[in-house]
Amino acid sequence: MSQEAPTHIAHIGLGANLADPEKQVRAALDELAAAPGIVLERKSSLYRTAPIGYDNQPDFINAVARVRTTLEPQALLDALLDIERTHGRVREFLNAPRTLDLDVLLYEDRVINTDTLNVPHPRAHLRAFVLLPLLEVSPDVVIPGIGPANAWLAHCQDQPIQRVAE
């Protein structure tokens with residue numbers, strides 16, 4: 001009798017603002033769904049948002065995917081980085097324009113702090129472009145150490161966000 005690997009629920013943030021960002025994010029969602037050890041359970045709408053931190057760049061397209069995975073957190077991050085590389089991701093400076101950005105926002109209720117991975121994402125609760133699509137795929141989600149995601153949305157009212165028509 002074979003034993004199946006345990007699965008975990010994770011939430012992945014997706015964003016892009018270069019090289020046809022809508023196309024980049026949609027393709028990344030497809031690639032995520034096709035990646036070994038990952039099952040795409042739900043994907044949010046796409047959202048257009050203004051850049052934060054470094055303003056002299058195009059608007060972003062953002063989304064969140066809820067996945068079921070057999071991968072442990074670092075292996076999941078490595079899979080995301082592989083997808084980023086296929087999209088030509090270059091890390092020039094903090095908050096720089098990018099062809100694709102994939103982040104592990106949440107991994108079950110774990111808190112992880114290593115040199116390469118911080119979960120929950122340290123600014124997830126402060127960003128409308130994370131919270132709105134996150135709540136779309138998991139309405140009752142709680143951010144470990146922070147609290148219910150829906151309680152933080154009111155703190156982001158000054159961040160413009162617009163759903164992209166399908």
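Note: the structure precedes this text.
So, here's what we can say about the structure. Since the model is a prediction, treat every value here as computed from it, not as a measurement. (Residues numbered from 1 in each chain as written. Predicted model: local features only at pLDDT ≥ 70, side-chain atom pairs only at ≥ 80, totals over all residues. Heavy atoms only, no water.)

Observations regarding the overall build of the protein
Move 1: Each helix and strand counted, the protein has 3 helices and 10 strands in total.
Move 2: The C-alpha atoms of the protein give 15 Å as radius of gyration, which agrees with the globular expectation for 166 residues (15 Å, within 12%).
Move 3: Taking the principal axes of the C-alpha coordinates as reference, the protein spans close to 55 × 35 × 35 Å.
Move 4: The buried share of the protein, reckoned over its 166 residues, is 48%.
Move 5: Here the contacts in the protein between residues at least 6 apart in sequence split such that 69% fall between residues at least 24 apart. (Helix = DSSP H or I, 4+ residues; strand = E, 2+ residues; numbered from the N terminus. Rg over C-alpha atoms; globule rule 2.2 N^0.38 Å. Buried < 20%, exposed > 50% of the residue type's maximum accessible area, 1.4 Å probe, protein only. Contact = heavy atoms within 4.5 Å.)

Quick word on the layout of surface pockets
Move 1: Taken as a whole, the largest pocket holds about 930 Å³ of empty space.
Move 2: As for the largest pocket, its lining consists of 41 residues, of which Arg98, Asp101, Asp103, His121 and Arg123 are closest to the centre.
Move 3: Considering each element in turn, the lining of the largest pocket owes the most residues, 5 residues, to strand S5 (residues 101–107).
Move 4: Here the lining of the largest pocket is composed, by residue class, of 22 nonpolar, 9 polar and 10 charged. (1 Å grid on protein atoms, 1.4 Å probe; cavity = no way out; pocket = protein on both sides within 12 Å on 5 of 7 lines; lining within 4 Å. Points joined across faces, edges and corners; volume = space filled by probe spheres on them. Nonpolar A, V, L, I, M, F, W, Y, C, P; charged D, E, K, R; others polar.)

Regarding the environment of Ile61
Move 1: Along the polypeptide, Ile61 turns up in strand S4 (residues 60–69).
Move 2: Along the backbone, Ile61 and Glu92 are 31 residues apart, and their C-alpha atoms lie at a distance of 19 Å.
Move 3: Once residues within four sequence positions are removed from consideration, Ile61 is found in contact with Leu14, Gly15, Ala16, Pro21, Glu22, Val25, Leu46, Tyr47, Arg48 and Val164.

Side note on the side chain of His87
Move 1: As for its position among the elements, His87 is in the loop between helix H2 (73–86) and S5.
Move 2: Here His87 falls in the buried class, since its relative accessible area comes to 12%.
Move 3: Of note is the side chain of His87, whose polar atom sits 2.4 Å from the side chain of Gln24. (Polar contact = N/O pair within 3.5 Å; in protein donor to acceptor, adjacent residues only side chain to side chain.)

Here's the deal with the pattern of salt bridges
Move 1: Taken as a whole, this structure holds 8 salt bridges when the rule is applied.
Move 2: Its salt-bridge partner being Arg68, residue Glu41 comes within 2.9 Å of it at the nearest N-O pair. On the criterion of sequence distance, the pair formed by Glu41 in strand S2 (residues 38–43) and Arg68 in strand S4 is long-range, its members being 27 residues apart.
Move 3: In this structure, Arg163 and Glu136 form a salt bridge, with 3.5 Å as the shortest nitrogen-oxygen distance. Of this pair, Arg163 sits in strand S10 (residues 161–163) while Glu136 sits in helix H3 (residues 128–137); the two residues are 27 residues apart in sequence, bridging distant segments of the chain. (Salt bridge = Lys/Arg side-chain N within 4 Å of Asp/Glu carboxyl O.)

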